[in-house]
Amino acid sequence: MNKKYSYNKNTDKTIWIDLDNSPHVPFFAPIIEKLQQEGYCVRVSARNYSQTVELAQLYGIDFTDIGKHHGKNKLIKIIGLIYRSLQLIPFVLKRKPTIAISHGSRSQMLVAHLFKIPIVIFLDYEFVQTIPFVKPRMMFFPNIISKERLSKFNFAVKTYPGIKEDIYVPGFKPDNSIVKQMGLRTNLITAIVRPPAHQAHYHNPESDLLFNEVMQLITDLNNVHAIILPRDNQQKIKIENTYKNQFDTGKFSIPTDVIDGLNLMWHSDLVISGGGTMNREASALGVPVYSIFKGKIGDVDKYLSQNGRLTLIETVEDVRYKINFEKRLKPNKPENINSLAFHSIVNDLENLINEISGDRTIHSVDENNEEILPFRKKHNTK
């Protein structure tokens, strides 16, 4: 990451990527690396929230730490959004980006709109709230989401094959050192539990009821070790206080350091999560996964559920009757990985960047991910 390359026509095109939340780090890491290899100047900002900064360090991304999360209160959230936007202005003035790219960073969108920087947004949940007066140049979605739902966005939309986790899961390589690091035991079933996103605008309190039932069920099972992955320190403290006895006996544990979530899930037997990204990561890895998310169910999760790759837990009774706690027979590596999504996104991004900067060269890949010789658009001379 962050390698230096000899000069080419792309080096004067500065791409600004804002990492607004922890799932954005593994998503953008391979994209950043590929764009750098193509000679683009990539500048990254990161918000200090939900281990985003720590993960960016783990992935070796060169970034500038700017801003933080300001809690669940709606008014304070708005003030925090404006404040972080103001914090980003010096970053933009210094680097003068050609394009602003994020996975739904509202603060980046505001600043880019202010400075008339073309905006590219990646989203994989069609019910997300966007900023009404900000018009992105392009929005990227998984092609699993129906055209009917995408039609509500009155902007240019591109789709990519598969799900967003297909961007980075193909590069995953299991590392057995985590077994010792996390104290995983072969005689116990390892369950990864991700609590609901309690500070998100889409949070539904029913998810908390399901989470509490999951924790109680695991407490009742003698052969299960649960690794809890809180979203922030506030949630961590609450869980530790509520289940103090289980932590004291080693029944529950929370990682003390930032770890590779993919690797942890790969070495687990099942995943139970109140958020979308971890559910889909587990699905992409082939790990049994149960969703306790109670917001509006998007097309991606519906697709995974219909194809048996994700189990939706909708009631307290479902917790007891649908979740299977059993040892998983792990293959040597993930199977049936989709790598076309990554090539499709990088290809479309390069074309868009070149179009914005005036270079009309179009790059394409075929169904085998092999590059088709570039050609140039002919300008209309009439």
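Residues numbered from 1 in each chain as written. Predicted model: local features only at pLDDT ≥ 70, side-chain atom pairs only at ≥ 80, totals over all residues. Heavy atoms only, no water.

### Quick notes on the overall build of the protein chain
Thought 1: Summing up its helical and strand segments, the protein chain has 14 helices and 15 strands in all.
Thought 2: A buried classification covers 53% of the 382 residues belonging to the protein chain.
Thought 3: At a minimum sequence separation of 6, the contacts of the protein chain that also span at least 24 residues come to 63%.
Thought 4: Per element, the accessible surface of the protein chain, about 18,700 Å² overall, is 50% carbon and sulfur. (Helix = DSSP H or I, 4+ residues; strand = E, 2+ residues; numbered from the N terminus. Buried < 20%, exposed > 50% of the residue type's maximum accessible area, 1.4 Å probe, protein only. Contact = heavy atoms within 4.5 Å. Areas by Shrake-Rupley, 256 points an atom, 1.4 Å probe, with all protein chains shown as cover.)

### A look at the sheet that holds strand E12 (residues 289–291)
Thought 1: On the basis of which strands lie adjacent, the open sheet formed by six strands has the order E10-E9-E8-E11-E12-E13 and parallel pairing. The outermost strands of the open sheet, each flanked by one partner alone, are strand E10 (252–253) and strand E13 (311–312).
Thought 2: In this structure, strand E11 (residues 270–273) lies alongside E12, joined through three bridges in parallel fashion. Each residue of the ladder has a partner; that of Ser273, found in E12, is Ser291.
Thought 3: Strands strand E8 (189–194), strand E9 (224–228), E10 and E11 of the sheet are contacted by helix H7 (residues 205–220), whose axis makes an angle of about 160° with E8. (Pairing = 2+ DSSP bridges. Axes fitted to C-alpha atoms, helices over the stretch in contact; angles between N-to-C directions.)

### Some thoughts on the sheet that holds strand E7 (residues 157–160)
Thought 1: Pairing is parallel across the open sheet formed by seven strands, whose spatial order is E3-E2-E1-E4-E5-E6-E7. Of all strands in the sheet, those bounded by a partner on one side alone are strand E3 (64–68) and E7. With strand direction ignored, the average angle separating the axes of adjacent strands in the sheet is 25°.
Thought 2: For strand E2 (residues 41–48) and E3, the ladder comprises three bridges, and the chain directions are parallel. Bridge assignment links Ala46 to a residue of E3, and that residue is Asp65.
Thought 3: Contacts between helix H1 (residues 24–37) and the sheet are confined to strand E1 (14–19), E2, strand E4 (99–102) and strand E5 (119–122), with E1 contributing the most and set at about 165° to the helix.

### Details of the packing of aromatic side chains
Thought 1: In this structure the tally under the stated criterion is 11 aromatic pairs.
Thought 2: Considering the side-chain rings of Tyr243 and Phe252, the 5.7 Å spacing of their centres and the 70° angle between planes classify their relative orientation as edge-to-face. As far as burial versus exposure is concerned, Tyr243 and Phe252 are alike and both buried.
Thought 3: A network of ring pairs unites the aromatic residues Phe27, Phe28, Phe122 and Phe140 as a single cluster.
Thought 4: Positioned over the ring face of Trp266 is Arg328, at 5.1 Å from the centre of the ring. (Phe/Tyr/Trp six-rings, centres within 6.5 Å; stacked < 30°, edge-to-face > 60°. Lys NZ or Arg CZ within 6 Å of the ring centre and 35° of its normal.)

### Remarks on the nonpolar core
Thought 1: Grouped together as the largest cluster of nonpolar side chains are 86 residues, with contacts concentrated most on Leu19, Phe28, Ile31, Ile61, Ile101, Val120 and Phe122.
Thought 2: If we ignore the near neighbours within four places in the chain, the residues touching Phe28 are Ile17, Leu19, Ile101, Ser102, His103 and Phe122.
Thought 3: Of all hydrophobic cores here, the second largest spans 25 residues; its members include Leu210, Val224, Ile239 and Phe252. (Core = buried A, V, L, I, M, F, W, Y, C linked by side-chain atoms within 4.5 Å.)

### What about the pairing of E2?
Thought 1: Across the eight residues of E2, six count as buried, placing the element largely inside the fold.
Thought 2: After leaving E1, the chain enters H1 and then returns to the sheet as E2, a path that is right-handed.
Thought 3: Following the backbone out of E2, through helix H2 (residues 52–58) and into the adjacent parallel E3, one traces a crossover that is right-handed. (Right-handed = clockwise from strand over helix to strand, strands pointing away.)

### Section: helix H3 (residues 74–95)
Thought 1: Taking 1.5 Å per residue, 22 residues should reach 32 Å; H3 reaches 31 Å between its end C-alpha atoms and fits that length.
Thought 2: At Leu88, H3 shows its largest kink, close to 30°, and the proline Pro90 lies no more than four residues downstream.
Thought 3: Those residues of H3 that sit buried are Gly80, Arg84, Ser85, Leu88, Ile89, Phe91 and Val92.
Thought 4: Following H3 by one or two positions, Lys96 adopts a phi angle in the positive range, close to 50°. (Expected span 1.5 Å × (residues − 1). Bend = angle between axes of the 7 residues up to and from the residue.)

### A few points about a nonpolar patch on the surface
Thought 1: A grouping of Ile78, Ile82 and Leu86 is seen on the molecular surface, where their side chains present a nonpolar patch of about 290 Å² in accessible area.
Thought 2: Tracing the sequence through the fold places Ile78 in helix H3.
Thought 3: Take Ile78: its relative accessible area is 48%, and that puts it in the partly exposed class. (Patch = residues over 30% accessible without salt bridge, like charges linked within 9 Å, V, L, I, M, F, W, Y side chains within 5 Å. Salt bridge = Lys/Arg side-chain N within 4 Å of Asp/Glu carboxyl O.)

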